[in-house]
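An overview of the molecular structure
So the chains spell out like this:
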Amino acid sequence: MGDFNLTVILDAIRRSSGGLSRVELAQIVGLSPQTISNISRRLLDQRLIVEAGKEGSGPGKPRTILRLNPAGMYALGVHVDPAVITSVVLDLVGDVVKHSRIPTPAGSNPQRVIAAIADEIKGLIEDSGVDPGKIAGLGVAAPGPIDLDEGTVVDPPLLVGWDRVYLRDALAEATGLETLVDKDVTSAAVAETWAGGASGTGSFVFMYMGTGIGCGIVLNDEVVRGTSGNAGEIGHIIVDPDGPPCDCGLRGCVKSSCIPQVLVAEAEEQGILDGGRKGTEGPEVQEGFARLCDAADSGDERAIAIIDKSAVLVARAVAVVTNTLDVERVVFGGPFWARMSERYLERIPALLAANSAANSIHGIEVVGTGVGEDVGAIGAACLVLEHTLAPRAQRLLLEG
Ligand SMILES: [Zn+2]
């Protein structure tokens, strides 16, 4: 790619809902008709865009509309969650061509996880029938913290043994693809801006309900990553001053009082989940959480109380974030979201409004993700599209 004007034009076409004519393009991006014409020709030759019919009923020649060619380029995305590994192939317009999900290999061996991901990607490319020559790269969404310079994942909670794993380089080597790594919460926010529709516009926070709880931040349509790509760590916001002690020395942080692992442990202690204590690895937590939600759905008052209380606590953390950033919307999603969505969406809007500093000036919309359950993996693939197509400097991404 490498040509700034070319990416500016591609980006403008991508952001338009129904495509653009060359005249409209010239007006939007401020380039001369001659430049637009030359670059359109190059993009047509590269099959990145297509001419999609003519438009216009007024005087003068009808205008030819230019649109992205979905089959012009593809991107792979992988979401490494402590419980599950999700992989997707996206086309150029951000639609999922193929996806897969496997449980994260148990134990504390990152090499096994990396080998499993590489195998999964190989299979996915074959199954998708996509020309490997058209795959722009691999995006990886990983739990934070991440080290941008090294392309490493550093001691993520619940991935035991991942002290400092060179995820980017290992996957680039294993797959032969250019590889980018970003934090899972940020990837989710990126996915929302690319594929979420109305909920992905303007200023919003993406509340990522995973093995941990974090947030992705989008202000005025720009994803905010912070100095090192680690923005959005909200695990130590205090939501329950008398709550359980946290490893940071305080009490009642998000991390010690309302992440799924804590809720499952509470349910086990109260005897709601039979079969005694299970382990604390990702798949076990996810399984325990599913059983807790089953119990709540079947009317178990104690299970309902645990989930309802967690909604109150999460709402307090969300209020701190929305008051700090003055956003218009909160989007919930992530691997644990589907099971809690109904109860959370029932309670959190009112709780948030009650704690919102700007409540008399504007409301805050609370919605579930428009992207669906694969939001992390889709976001990871969108990173590749964004890196290849968007005209902004992507210096904060990890390049392999
Ligand atoms: Zn803490």
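Quick look at the structure, then. (Residues numbered from 1 in each chain as written. Predicted model: local features only at pLDDT ≥ 70, side-chain atom pairs only at ≥ 80, totals over all residues. Heavy atoms only, no water.)

Here the focus is the packing of aromatic side chains. How two aromatic rings sit relative to each other is given by the distance of their centres and the angle of their planes. Applying the stated rule across the entire model yields four aromatic pairs. A ring pair is formed by Phe332 and Trp337, whose centres lie 4.9 Å apart and whose planes are at 15°; its orientation type is stacked. We note that Phe332, like Trp337, is buried. When the ring of Phe332 is compared with that of Tyr344, the centres are 6.3 Å apart and the planes differ by 90°; the resulting orientation is edge-to-face. Highlighted residues: Phe332 in strand 14 (residues 329-333) and Tyr344 in helix 11 (residues 337-354), separated in sequence by twelve residues. Summarising the burial analysis for this pair, Phe332 and Tyr344 share the class buried. By the ring-pair criterion, three or more aromatic residues cluster together here, those being Phe332, Trp337 and Tyr344. (Phe/Tyr/Trp six-rings, centres within 6.5 Å; stacked < 30°, edge-to-face > 60°. Buried < 20%, exposed > 50% of the residue type's maximum accessible area, 1.4 Å probe, protein only. Helix = DSSP H or I, 4+ residues; strand = E, 2+ residues; numbered from the N terminus.)

Opposite charge on two side chains permits pairing when their charged atoms draw close. Applying the stated criterion across every chain, the model contains 23 salt bridges. Across the salt bridge formed by Lys183 and Glu233, the nearest N and O atoms sit 2.8 Å from each other. Taken together, the positions of Lys183 in strand 10 (residues 179-183) and Glu233 in the loop between strand 13 (222-224) and helix 7 (254-257) put the pair 50 residues apart, joining distant regions of the chain. For Lys183, a relative accessible area of 1% gives the class buried. Between Arg347 and Asp308 there is a salt bridge, with the nearest N and O atoms lying 3.2 Å from each other. Placement of the pair is Arg347 in helix 11 and Asp308 in helix 10 (residues 301-325), with a sequence separation of 39 residues. Exposure remark for Arg347: the relative accessible area of 24% places this residue in the partly exposed category. (Salt bridge = Lys/Arg side-chain N within 4 Å of Asp/Glu carboxyl O.)

Axis separation between helix 10 and helix 11 bottoms out at 9 Å; the angle between their running directions is 40°. It follows that helix 10 is oblique to helix 11 by the angle criterion. The element helix 10 and its partner helix 11 pack so that their crossing is right-handed. On helix 11, the residues touching Ile304, Ile307, Asp308, Ser310, Ala311, Val312, Val314, Ala315, Val318, Ala319 and Thr322 of helix 10 are Arg343, Tyr344, Arg347, Ile348, Leu351 and Leu352. Counted by class, the contact of helix 10 with helix 11 contains twelve nonpolar, two polar and three charged residues. (Axes fitted to C-alpha atoms, helices over the stretch in contact; angles between N-to-C directions. Parallel < 35°, antiparallel > 145°, perpendicular 65-115°, else oblique. Left-handed = near helix turned anticlockwise from the far one by under 90°. Contact = heavy atoms within 4.5 Å. Nonpolar A, V, L, I, M, F, W, Y, C, P; charged D, E, K, R; others polar.)

Turning our eyes to something else, we now look at the nonpolar core. In this structure, Leu292, Val314, Phe332 and Tyr344 are the most contacted members of the largest nonpolar core, which totals 48 residues. Every element with two or more residues in this core is listed here: strand 11 (204-209), strand 12 (213-219), helix 8 (260-269), helix 9 (282-297), helix 10, strand 14 and helix 11. The greatest single-element share of this core, amounting to twelve residues, is contributed by helix 10. Membership of the second largest hydrophobic core comes to 46 residues, among which are Leu25, Ile36, Leu43 and Ala75. (Core = buried A, V, L, I, M, F, W, Y, C linked by side-chain atoms within 4.5 Å.)

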